[in-house]
Amino acid sequence: NDKQSGKKPAKKATSSWNCFGGGAKEADSDDEEEPLLDPKEDEAKEDDAQVMQMVSTVKGMLGLGEDDPPDSSWLHMTKTDHEKGERVPMGKLCISIHILPKIEAKMNDNGFGRRDPNHSPMLPPPVGRLKWSWNPFVLGAQICGPKICFYFTCCLICTVVIVLMIFCQPAMNLIISVSVKLLL
């Protein structure tokens, strides 16, 4: 009917918002529907999943991970408050127990604590602990961070130089006057 009357067929308006024009975007009724997921979007989602898995692995190696190890469960530690007669939560402990035959245990030997060989499971070094040192700069870098420790060290060196200049000025004057008299 539209072809006979010379009118163009009506275009359907979709509900999507046009970010440049500000109005509803018009689409031809003859256009085919686009696929819901673009192959590039699928690849991007797979890449994101791989990146998240890598981040989780690195966090786990550093002891920062929140993922529970496989075949583990959490034990809720409590104590009894005898005055009130109720149990008070004290913390949680993630535990995993593997029972092996003696031969397999000897073949897959582990070190004590974090000593070598450290596997099954790998125990990461503790995070957030200070390593004691008699060197105040090493200890300061651990407490304040290396950047602030560097600024503090520079200020300390400048202060020492100024104090030495003030208190060593009479000795410097004496050395200068003696050297001038010897040269003349």
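Residues numbered from 1 in each chain as written. Predicted model: local features only at pLDDT ≥ 70, side-chain atom pairs only at ≥ 80, totals over all residues. Heavy atoms only, no water.

## Looking at the overall build of the protein
For clarity, the threshold we go by: Secondary structure elements are defined from DSSP: runs of H or I of at least 4 residues count as helices, runs of E of at least 2 residues count as strands, and each element is numbered from the N terminus. When a residue's accessible area, from a 1.4 Å probe over protein chains only, is under 20% of the maximum for its type it is buried; when over 50% it is exposed; and in between it is partly exposed. Where accessible areas are quoted, they stem from the Shrake-Rupley method and a 1.4 Å probe; at the residue level, only the protein chains shown are allowed to cover.
Of the regular secondary structure elements, the protein holds six helices and four strands. Split into buried and exposed, the 184 residues of the protein put 4% on the buried side. On the protein, roughly 17,500 Å² of surface is accessible, and the fraction owed to carbon and sulfur atoms is 62%.

## Digging into a nonpolar patch on the surface
As a reminder of what qualifies: Patch membership requires more than 30% relative accessible area and the absence of a salt bridge. Residues of like charge join within 9 Å; the nonpolar side chains Val, Leu, Ile, Met, Phe, Trp and Tyr join within 5 Å. By convention in these notes, a salt bridge is any Lys or Arg side-chain nitrogen within 4 Å of a carboxyl oxygen on Asp or Glu.
Taken together, the side chains of F137, F152, L156, V160 and L164 present a nonpolar region at the surface, about 480 Å² in accessible area. Sorting elements by how many residues they give to the nonpolar patch places helix α5 (residues 146–167) first, with four residues. Along the chain, L156 turns up in helix α5.

## A word on the packing of aromatic side chains
Put simply, the rule is: Any two rings among Phe, Tyr and Trp, with Trp reduced to its six-membered ring, count as a pair given centres within 6.5 Å; such a pair is stacked if its planes are under 30 degrees apart, edge-to-face if over 60, and tilted if neither. Note on geometry: a ring has a charge over it if NZ (lysine) or CZ (arginine) is within 6 Å of the ring centre and within 35 degrees of the ring normal.
What the rule picks out here adds up to two aromatic pairs. Aromatic side chains W132 and W134 sit 5.3 Å apart centroid to centroid with 85° between the ring planes, which places their arrangement in the edge-to-face category. A relative accessible area of 76% means that W134 is categorised as exposed. On the numbers, 6.1 Å between centres and 50° between planes, the contact of F150 with Y151 is tilted. Taking NZ or CZ as reference, K92 lies 5.3 Å from the ring centre of W74, over its face.

## Brief notes about the pairing of strand β3 (residues 73–81)
What counts here: Should DSSP find at least two bridges between two strands, the strands are taken to pair.
Where β3 and strand β4 (residues 86–95) come together, nine bridges link them in antiparallel fashion. Counted as the bridge partner of T78 is P89 from β4.

## As for the confidence of the model for the protein
Low-confidence regions, as indicated by low pLDDT, have predicted coordinates that should not be scrutinised in detail. In plain terms, the rule: The predictor attaches a confidence to each residue, and that confidence, scored 0 to 100, is pLDDT. Two residues qualify as a contact provided that any one of their heavy atoms is within 4.5 Å of a heavy atom in the partner residue.
When pLDDT is averaged along the protein, the result is 76, and 73% of the positions lie at 70 or above. Element-level mean pLDDT values for the protein span from 46 in strand β1 (residues 12–17) up to 91 in α5. Here residues 1–29 is modelled with pLDDT under 50, and outside its nearest four sequence neighbours on either side it reaches 18 contacts, counting other chains as well.

## With respect to the environment of D71
Tracing the chain through its elements places D71 in the loop between α2 (39–62) and β3. In this structure the C-alpha to C-alpha distance between D71 and S96, which are 25 residues apart in sequence, comes to 6.2 Å. Residue contacts for D71: discarding those within four places in its chain leaves I95, S96 and H98.

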